[in-house]
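Analysis of the macromolecular model
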There are 2 protein chains.
Amino acid sequence: MSKDAPIFECLALIGTGLIGSSIARAARESGAVKTIVATARSETTRRRVAELRLADKVADTNAAAVEDADLVIVCIPVGQSGAAAKDIGAHLKPGAVISDVGSVKSAVVADMAPHLPKGVHFIPAHPVAGTEHSGPDAGFAELFVNRWCILTPPEGTDRDAVARLAAFWRRLGANVDSMSPEHHDLVLAITSHLPHLIAYTIVGTADEFSNVTRSEVLQFSAGGFRDFTRIAASDPTMWRDVFLTNKDAVLEMLGRFNEDLSVLTRAIRNGEGEKLFEHFAHTRAIRRGIVEIGQDSAAPDFGRPHARLPDAPLPRPYASNDD
Amino acid sequence: MSKDAPIFECLALIGTGLIGSSIARAARESGAVKTIVATARSETTRRRVAELRLADKVADTNAAAVEDADLVIVCIPVGQSGAAAKDIGAHLKPGAVISDVGSVKSAVVADMAPHLPKGVHFIPAHPVAGTEHSGPDAGFAELFVNRWCILTPPEGTDRDAVARLAAFWRRLGANVDSMSPEHHDLVLAITSHLPHLIAYTIVGTADEFSNVTRSEVLQFSAGGFRDFTRIAASDPTMWRDVFLTNKDAVLEMLGRFNEDLSVLTRAIRNGEGEKLFEHFAHTRAIRRGIVEIGQDSAAPDFGRPHARLPDAPLPRPYASNDD
């Protein structure tokens, strides 16, 4: 297969929000598929997808979208994936690969698998990528470049189907890994779900504290708070479903987080500077590790833009210190 | 006074880390002062400051640095500000403005004020700006543009001195506000100190969880975790001092945060989707407020750079949906 040959003939996207519409754009730009059929639950979104020309065809129903597809990707909040599988089950082409993009895998497998016929290849997946924006306008083709896509193929899944799905994600710029749904849910509970829950919490806490006004919170948010507001601006429906469907792993991580927070709280209360310093020096190393493996920018402050000094006169030359 | 005339003749910087060296660069670029004298505790840093030509003169001691200064800014971890004030107290020029950049104000006032002579103007300040990097190489002239600098002048402070310090910060691109040290410490506890403590905690939690390896945590950090690692990479000495010196306000905010986290935890445990959704939809609005007042970028993902699709063929034209 030539490097640029399509990997699938026809891709059907069930859902065209940030992730679905990014897949559409990336699949098109990279030539990963020949044709794209897309659908969305609301007529407004379907119309917008047509306006943006994100797909060759916009279908009105999930069933109609998948009829000709040899790759179907379900890109909707995980709480709806069972219903979507039920919609499409009877309409899938034999031999088609059925996948998803959900942030939780065990629950998705349990919800979708019973509705899928024999003769299709069900390979759940999770591209670990996103932004705080939602909807078909928010997507972009580069979203998956250098991010990881985790596949959780059930035991006995056709190897060729897995290889083709992996090739599809690689064509979109992603790295591909695979693991069990249970391990995925544990890993993501700590790298994604807990951080989101904590961010949602602290942003709420700041907003409810009566001795500090909301405008003060916004005004002085550059002290650190604003970083949390980005994550806490993520799609509410998607995240409600994540916490409801990955409850056990999230609660376990929360328990551990609370223990650690108690330790640091006690160190502050007791004025144990050495203990605080050691903890803070240790976590600095983890940031370096993430930057080193290319999972975040080395630029300070995430590379946020900084405006230039307003109307600065030409810099005057400095006296050399050696003079 | 012409817009571009220097606001102070001679600026002395006690400490030349991220903030001190950014002030040096910005004061130079903007012409806010005529000359800059800088010092640092370690000889290595002083040598580096000289190499970088951040100042007209690098002094070996705090006392020597301030002799000719009519503006002195102490830019060191807040736990050391009392000792610095003691060093410089007897060497200050009458009429000089003495300020600082500490993230905590009540403790700094208590520590510094007793060592400062009558006849100088002590005006504590806090520019709410920074990055996760430290040291004289990390500074840049644009750091304060469109950020807020909070002044906490004691009652009865000379108005002209306050106006000149405010003009200095505005020349560096900052907005200037003023409030009491106590209120500052409360506002910053929620907008800066609590977020840092939470980030330091969660990054530690992730690193100690034995069922998920560190390399998995790093690899899949783009799911949200990596955002926290930036803040948790901030200078350990600075942050140790912040928590030790703003203990009461931080412990109060921690208590409130814990209450809110318990509410969300219970909602997850009980499967209360509606309650989660409402909370998550509410916090989204706070992000919008921050972007609207220009305290963060509207670009998705903080404007992090996204690599292009590798070797993508030319995009093929799409069939129109109307055909």
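Since we're looking at a predicted model, the values are computed, not measured. (Residues numbered from 1 in each chain as written. Chains lettered and ligands numbered in written order. Predicted model: local features only at pLDDT ≥ 70, side-chain atom pairs only at ≥ 80, totals over all residues.)

Let us now look at the overall build of chain A. Scanning chain A from N- to C-terminus turns up twelve helices and nine strands. Here chain A holds 323 residues, and the buried ones make up 57% of them. Taking as baseline every contact in chain A between residues at least 6 positions apart, the subset at least 24 positions apart corresponds to 74%. (Helix = DSSP H or I, 4+ residues; strand = E, 2+ residues; numbered from the N terminus. Buried ≥ 20, exposed ≤ 12 C-beta atoms within 10 Å, placed from the backbone. Contact = placed C-beta atoms within 7 Å.)

By the secondary structure assignment, E155 of chain A is in the loop between strand 8 (148-151) and helix 6 (159-171). In the structure, E155 of chain A is positioned 25 residues away from S180 of chain A in sequence and 9.2 Å away in space, judged by C-alpha atoms.

Next up on the list: the sheet that holds strand 5 (residues 97-100) of chain A. All names here are of chain A. Ordered in space as 3-2-1-4-5-6, the six strands form an open sheet in which the pairing is parallel. The open sheet has two edge strands with one neighbour each: strand 3 (57-58) and strand 6 (121-122). Across the sheet, helix 4 (residues 81-88) is in contact with strand 1 (8-14), strand 4 (71-74) and strand 5; its angle to strand 4 comes to roughly 150°. Across the sheet, helix 6 lies against strand 1, strand 4, strand 5 and strand 6, angled at about 50° from strand 5, the strand it touches most. (Pairing = 2+ DSSP bridges. Axes fitted to C-alpha atoms, helices over the stretch in contact; angles between N-to-C directions.)

All right, on to the relation of the copies chain A and chain B then. One copy of the chain maps onto the other through a rotation about an axis plus a displacement along that axis. Here chain A sits on chain B after a turn of 180° about the axis and a move of 0.0 Å along it, with an RMSD of 0.0 Å. Considering both components of the superposition, the chain copies are consistent with a two-fold axis. (Least-squares fit on C-alpha atoms with pLDDT ≥ 70 in both.)

Turning our eyes to something else, we now look at the environment of A141 of chain A. Its place among the elements puts A141 of chain A in the loop between strand 7 (125-127) and strand 8. Linking A141 of chain A and A26 of chain A, residues 115 residues apart in sequence, is a C-alpha distance of 4.1 Å. Residues in contact with A141 of chain A, not counting those within four places in the same chain, are S22, R25, A26 and E29 of chain A together with L309 of chain B.

When the parts of a complex come together, some accessible area is lost, and that lost area is often used as the size of the interface. Contacts between the two partners involve 120 residues from chain A, matched on the other side by 119 residues from chain B. For the side of chain A that touches chain B, the elements supplying multiple residues, two or more each, are helix 1 (18-30), strand 3, helix 7 (181-207), helix 8 (214-219), helix 9 (225-231), helix 10 (236-245), helix 11 (247-269) and helix 12 (273-292) of chain A. Residues belonging to the side of chain A that touches chain B are distributed by class as follows: 62 nonpolar, 32 polar and 26 charged. (Nonpolar A, V, L, I, M, F, W, Y, C, P; charged D, E, K, R; others polar.)

The next thing to look at is the sheet that holds strand 2 (residues 33-39) of chain B. Residue and element names in this part refer to chain B. Taking strand neighbours across the sheet as the criterion, the six strands line up as 3-2-1-4-5-6 in an open arrangement whose pairing is parallel. Here the strands that pair on one side only, and so sit at the sheet edges, are strand 3 (57-58) and strand 6 (121-122). As paired strands, strand 1 (residues 8-14) and strand 4 (residues 71-74) are joined by four bridges and run parallel to one another. Looking across to strand 4, one finds that L13 is bridged to I73. In the packing of helix 1 (residues 18-30) onto the sheet, the strands contacted are strand 1, strand 2 and strand 4, and the crossing angle to strand 2 comes to about 160°.

Now for the confidence of the model for chain A. All names here are of chain A. When the pLDDT values of chain A are averaged, the result is 93; 95% of them are 70 or greater. Residue range residues 313-323 is modelled with pLDDT below 50. Its contacts to residues more than four positions away, or to other chains, number 14 contacts. The ipTM for the predicted assembly is 0.90, set against a pTM of 0.91. (pLDDT = per-residue confidence, 0-100.)

One way to put it is that helix 7 of chain A packs onto helix 11 (residues 247-269) of chain B with a least axis distance of 9 Å and a crossing angle of 125°. Put simply, helix 7 of chain A runs oblique to helix 11 of chain B. Of the two possible hands of crossing, helix 7 of chain A and helix 11 of chain B adopt the one that is right-handed. Every residue of helix 11 of chain B that contacts helix 7 of chain A at L197, Y200, T201, I202, G204 and T205 of chain A is listed here: R256, F257, D260, L261 and L264 of chain B. (Parallel < 35°, antiparallel > 145°, perpendicular 65-115°, else oblique. Left-handed = near helix turned anticlockwise from the far one by under 90°.)

The next subject is the pairing of strand 5 (residues 97-100) of chain B. Residue and element names in this part refer to chain B. Side chains V97 and S99 project from strand 5 onto one buried face, and the interleaved I98 and D100 project onto a second face that is buried too. Bridge count for strand 4 against strand 5 is four bridges, and the pairing is parallel. Its bridge partner being in strand 5, I73 is matched across the sheet by S99. In this region the chain leaves strand 4, passes through helix 4 (residues 81-88) and returns to the parallel neighbour strand 5; the handedness of that crossover is right-handed. (Right-handed = clockwise from strand over helix to strand, strands pointing away.)

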